[in-house]
Amino acid sequence: MAVPKRKVSSARQNKRRSNVWKLNAPALVKCPKCGEYKTPHRVCGNCGFYNGRDVLKKEA
């Protein structure tokens, strides 16, 4: 029967788990119209531009 010979130390255990909690930075692209950073495949919150046309009417 496979039984551990010794206790796994907390440092070794934490080293093994260190990759589990890593955060990912959000993907950002520049809006072709205004140059503001936005998430891809979403309407630009600054100018309301998406996919080559104005989707939202924004007041200047």
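This text goes with the structure placed above it.
Chemist: Hey, could you run me through the overall build of the chain in this one?
Modeler: A tally of helices and strands in the chain yields 1 helix and 4 strands. Going from the N terminus to the C terminus, the chain shows its helices and strands as α-β-β-β-β. The C-alpha radius of gyration of the chain comes to 24 Å, more than 25% above the 10 Å expected for a compact globule of 60 residues. With the principal axes as the frame, the chain shows a C-alpha extent of 70 × 20 × 15 Å. Among the 60 residues that make up the chain, the fraction classed as buried is 10%. Taking all contacts inside the chain whose residues are at least 6 apart in sequence as the whole, residues at least 24 apart take part in 0%. Surface summary for the chain: the accessible area is close to 6,000 Å², and the carbon and sulfur share equals 52%.

Chemist: In this structure, what is going on with the side chain of Lys-38? I would like to understand it.
Modeler: Within the secondary structure, Lys-38 is located in strand 2 (residues 37-38). A distance of 3.0 Å separates the side chain of Lys-38 from the backbone oxygen of Arg-42, its partner in a polar contact. The residues contacting Lys-38, other than those within four sequence positions of it, are Ala-27, Leu-28, Val-29, Cys-31 and Cys-44.

About the criteria used
Residues numbered from 1 in each chain as written. Predicted model: local features only at pLDDT ≥ 70, side-chain atom pairs only at ≥ 80, totals over all residues. Heavy atoms only, no water. Helix = DSSP H or I, 4+ residues; strand = E, 2+ residues; numbered from the N terminus. Rg over C-alpha atoms; globule rule 2.2 N^0.38 Å. Buried < 20%, exposed > 50% of the residue type's maximum accessible area, 1.4 Å probe, protein only. Contact = heavy atoms within 4.5 Å. Areas by Shrake-Rupley, 256 points an atom, 1.4 Å probe, with all protein chains shown as cover. Polar contact = N/O pair within 3.5 Å; in protein donor to acceptor, adjacent residues only side chain to side chain.

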